[in-house]
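Notes for the structure review
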Amino acid sequence: MRTPVQFRHNGTEAAVFADGGESLLTVLRERVGDTAPKYGCGQGTCGACTVLIDGAPHLACLTLAETVQGREVTTAGGLKDGAALHPLQTAFMSHFAAQCGYCTPGMLMAAKALLDRSPRPTREEVVEAIAGNVCRCTGYEPIINAILAAAQMPGPHRY
Amino acid sequence: MNRFTYVRPVTVADAVAAKAGAPAGRFIAGGTNLVDLMKSDVERPPRLIDIGRVPGMDAVTALPDGGLRIGALVTNARVAYDRQIAAAYPLLAEAILAGASAQLRNAATTGGNLLQRTRCHYFYDPSMPCNKRTRGAGCAAIGGVTRMHAILGASEHCIATHPSDMCVALAALEAVVQVSGPHGARAIPMAEFHRLPGDRPDLDTTLGADEMVTSVDLPAARFTTHTAYMKLRDRASYAFAIVSVAAALRLRDGRIEEARLALGGVAQKPWRRPEAEEALRGRAPDEATFDRAADILLDGARGQGDNDFKIGLARAVLLRALAQAAAGGSDAQGGHARA
Ligand SMILES: Cc1cc2nc3c(=O)[nH]c(=O)nc-3n(C[C@H](O)[C@H](O)[C@H](O)COP(=O)(O)OP(=O)(O)OC[C@H]3O[C@@H](n4cnc5c(N)ncnc54)[C@H](O)[C@@H]3O)c2cc1C
Ligand code: SF4
Ligand code: FES
Ligand code: FES
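Going along each chain's sequence as written, the residues are numbered from 1 onward. The naming scheme follows written order: chains are lettered A onward, ligands numbered 1 onward. Since the coordinates come from a predicted model, pLDDT governs what is reported: local features require at least 70, and pairs of side-chain atoms require 80 or more to be given and counted, while whole-chain, interface and lining totals use all residues.

Put simply, DSSP H or I for four residues or longer makes a helix, DSSP E for two residues or longer makes a strand, and each gets a number counted from the N terminus. The number of helices and strands found in chain B is 13 helices and eleven strands. This radius of gyration counts C-alpha atoms alone. The globule rule is 2.2 Å times how many residues there are, raised to the power 0.38. A compact globule built from 339 residues would reach a C-alpha radius of gyration of about 20 Å, and chain B, at 19 Å, matches this within 12%. The C-alpha extent of chain B, read off along each of the three principal axes, is 60 × 50 × 35 Å. For chain B, with 339 residues in total, the buried portion stands at 52%. We call two residues in contact whenever the C-beta atoms placed from their backbones are within 7 Å. Considering only residue pairs separated by 6 or more positions, chain B has 65% of its internal contacts joining residues 24 or more positions apart. The exposure label follows from counting other C-beta atoms within 10 Å of a residue's C-beta, where the C-beta atoms are placed from the backbone and the thresholds are 20 or more for buried and 12 or fewer for exposed, leaving partly exposed in between.

This is the structure:
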């Protein structure tokens, strides 16, 4: 059954027809054309598909598309403010927090949710916030350091 | 994934009616377990009844008897960070935070957590025989890889465990599940909500096929200071329990006035034995006393081979959790994080 689904996507209106059973991840990548969220496991175990729904991090692979009707969905593609990178994006670059980059969009969104809620997090809070995100390249330390550094940078953490 | 119809009822009555009209249909709340199971074709519901927006089930409210009502749609994250719960039921907050990840806890609901299915790998694999999936098909786990399976309350038909952390704390706190069905509402105590497999492993709970969970009620707080949730898992975060323990004590003049103990990861339901709690009453909180309670709680424990180690492990975690509870609860790191 095809269901019409409308939601806000990175600040603009998105309207698609979702096939019954399509995940939010599939809808974002294949119908909306936003390939920032990644497909890793499809089972909730890797965090690569992390997006914000109404500001809180969720796994797009386990979210049925129909259930986001009327919600606000933010992906890593919506982090920039015009041409200006989000402090997290700048810090991920300067701290070499990405190697292959596959986990990065999910890491960024888990981190953004943390900074929105807790602008000056402790190291433990950072570790807990990204505990659901797997990275097979960096060994995590550069990612944790980047998030802590972003928290020290000026500029709005919300857009 | 199978094809299904999708409805979004706006009242509990509509939701219950939608289920009555499609007995093989499923309620969907956070979807974190159901969608996963549908992707592996373990669940093939012809209809999804999305209860996510039914009003009146998404709040934590005070009850006249001093307890708290947690609506079935309140997310695990909201329960864990709720101020009233953190203050009055720290055991529950600690148990929830020991499970899953931030993303999952944001989606997972109280009702869905109660009704999540076992994580037995064979259950998740439709090419394997499984009595829980198909009545009478046989059990691939028995004689197979059993590291995560039950040591208590299993049957010759099924040796699965219930994977929830939240439910272990709810069992220790003697919460009551409120449900609604076509014939009205009823209350099910936690001890009776989940069932042992027996010869009906297809039934995880005593909830009727036409009933829906509306809330979980916590009785007035009795265990606020001397509690501990300790969880052992293969890595320090984001894994299901191999063994977990919820321990709650009330101490007076150096003696245990009242105790609650529940084990997770060992049976198809949170494992409690009132006799074990009785054995602690009136005694000093020392190792000999704790040992006696462990003897009773683990009485009859039997491994399947790969999981024999769980029996000794459960005892060790029990003793540590009790000692930690007696000392005034978890340290800043939380018992689960370091255990
Ligand atoms: C990778 C991963 C790791 C996890 N780790 C842990 C862990 O360490 N500890 C832990 O405890 N849990 C863990 N979980 C499980 C998680 O807690 C559950 O998936 C979640 O609680 C289910 O809630 P939900 O709202 O998403 O349920 P759904 O998936 O929406 O529903 C689950 C079941 O409950 C039924 N249901 C839902 N609400 C109601 C209701 N109100 N009335 C009647 N039936 C209802 C549905 O029909 C369905 O059968 C993990 C999950 C994943 C994917
Ligand atoms: S232990 Fe239970 S759930 Fe696992 S395969 Fe056997 S019958 Fe199925
Ligand atoms: S793709 Fe969603 S958690 Fe791995
Ligand atoms: S940078 Fe490769 S997975 Fe994280």
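Let us keep going from here.
Let us now look at the overall build of chain A. The helix and strand tally for chain A stands at five helices and five strands. Taken over C-alpha atoms, the radius of gyration comes to 15 Å for chain A, in line with the 15 Å a tight globule of 159 residues would show. Structurally, chain A occupies a C-alpha span of about 45 × 30 × 25 Å along its principal axes. Looking at chain A as a whole, 48% of its 159 residues qualify as buried. Long-range pairs, those at least 24 residues apart, make up 59% of the contacts in chain A with a sequence separation of at least 6.

What follows concerns the site of ligand 1. In this text, near has one meaning. A residue is near a molecule or strand if its C-beta atom, placed using the backbone, is within 6 Å of it. The environment of ligand 1 is made up of 32 residues, and the closest members are A:G44, B:G30, B:G99, B:G111 and B:G112. Those residues lying near ligand 1 are distributed over chains A and B. Every element with two or more residues in the shell around ligand 1 is listed here: β2 (26-28), α2 (34-39), α6 (102-107), α7 (110-114) and β8 (212-218) of chain B. For the shell around ligand 1, the per-class residue count stands at 16 nonpolar, 13 polar and three charged. Basically, the charged four are Asp, Glu, Lys and Arg, the nonpolar ten are Ala, Val, Leu, Ile, Met, Phe, Trp, Tyr, Cys and Pro, and anything else, Gly included, counts as polar.

Here the focus is the UniProt feature "domain: FAD-binding PCMH-type" (unreviewed entry) in chain B. UniProt marks residues 1-223 of chain B with the feature "domain: FAD-binding PCMH-type" (unreviewed entry), using the numbering shown here. Measuring from the first to the last C-alpha atom of residues 1-223 of chain B gives 45 Å, for a span that is 26% helix and 16% strand. UniProt positions are given in the numbering used here, feature names are shortened, and annotations may be inferred rather than shown by experiment.

Residues of type Ala, Val, Leu, Ile, Met, Phe, Trp, Tyr and Cys that are buried and joined through C-beta atoms within 7 Å form what is called a nonpolar core. In this structure, B:L91, B:L92, B:A169 and B:A246 are the most contacted members of the largest nonpolar core, which totals 156 residues. Counting residues per element, this core draws most heavily on helix α3 (residues 104-117) of chain A, which supplies eight residues. Discounting residues that sit within four places of it in the chain, B:A169 has contacts with B:L91, B:L92, B:A95, B:Y229 and B:A246.

Residues and elements named next belong to chain B. When you tally the buried positions in strand β9 (residues 226-232), you get seven out of seven residues, the bulk of the element. Both β9 and strand β10 (residues 243-252) contribute to a ladder of seven bridges, which runs antiparallel. Along β10, the bridge assignment pairs M230 with V245. Paired strands, in this sense, are two strands between which DSSP finds at least two bridges.

Domain delimitation follows an automatic or database domain assignment. Domain parsing of chain B yields domain 1 (5-50) and domain 2 (226-330). Taking only C-alpha atoms into account, the centre of domain 1 of chain B sits 36 Å from that of domain 2 of chain B.

Turning our attention to helix α1 (residues 12-20) of chain B. Within the span of α1(B), buried status applies to B:A15, B:V16, B:A18 and B:K19. Seen end-on, α1(B) carries its buried residues on one side only, within an arc spanning 160°. This arc is built from the directions going out from the helix axis to the C-beta atoms.

Moving on to the interface of chain B and chain A. A common way to report how large an interface is uses the accessible area buried once the components associate. At the junction of the two partners, chain B supplies 22 residues and chain A supplies 22 residues. Listed by contribution, the elements that provide at least two residues to the side of chain B that touches chain A are β1 (5-7), α2 and α6 of chain B. A class-by-class count of the residues in the side of chain B that touches chain A yields ten nonpolar, eight polar and four charged.

This part is about the site of ligand 2. The environment of ligand 2 is formed by 14 residues, the closest being B:C120, B:Y122, B:C130, B:C139 and B:C158. Looking at the shell around ligand 2 residue by residue, the classes come out as eleven nonpolar, two polar and one charged.

Bringing the sheet that holds strand β3 (residues 47-50) of chain B into the picture now. Residues and elements named next belong to chain B. Across the sheet, three strands lie side by side as β1-β3-β2; this open sheet has parallel pairing. The open sheet terminates on both sides in strands that have one partner only, identified here as β1 and β2. Ignoring which end each strand starts from, the neighbouring axes of this sheet average 30° apart. With three bridges connecting them, β2 and β3 associate as parallel partners. Following the sheet pairing, R26 is matched in β3 by L48. Of the strands in this sheet, β1, β2 and β3 are in contact with α1, which crosses β3 at around 170°. Throughout, an axis means a line fitted to C-alpha atoms (over the contacting stretch in the case of helices), and angles, computed between N-to-C directions, take values from 0 to 180 degrees.

The next point concerns the packing of helix α11 (residues 287-297) of chain B against helix α12 (residues 309-326) of chain B. Residues and elements named next belong to chain B. α12 packs onto α11 with a crossing angle of 135° between their chain directions and a minimal axis gap of 10 Å. Compared by their axis directions, α11 and α12 come out oblique. At the point where α11 passes α12, the crossing takes the right-handed sense. Residues E287, F290, A294 and L297 of α11 form the contact with α12, whose own contacting residues are R315, L318, L319, L322 and A323. By definition in this entry, angles of less than 35 degrees are roughly parallel, angles greater than 145 are roughly antiparallel, angles of 65 to 115 are roughly perpendicular, and the rest are oblique. The hand of a helix crossing depends on one turn: near helix anticlockwise from the far one by less than a right angle means left-handed, and clockwise means right-handed.

Picture the strands of a sheet paired through backbone hydrogen bonds; they go either parallel or antiparallel. Residue and element names in this part refer to chain A. Taken together, five strands build an open sheet; the order of strands is β2-β1-β5-β3-β4 and the sheet is mixed. Both edges of this open sheet fall to β2 (12-19) and β4 (56-59), since each of them pairs with a single strand only. Pairwise comparison of adjacent strand axes, ignoring direction, gives a mean angle of 45° for this sheet. Here strand β3 (residues 50-53) pairs with strand β5 (residues 72-74) via two bridges, running antiparallel. From the neighbouring strand, L52 faces β5, where its bridge partner is T74. Sheet contacts for helix α1 (residues 24-32): β1 (2-9) and β2; angle to β2, the most-contacted strand, approximately 105°. Strands β3 and β4 of the sheet are contacted by α3, whose axis makes an angle of about 35° with β3.

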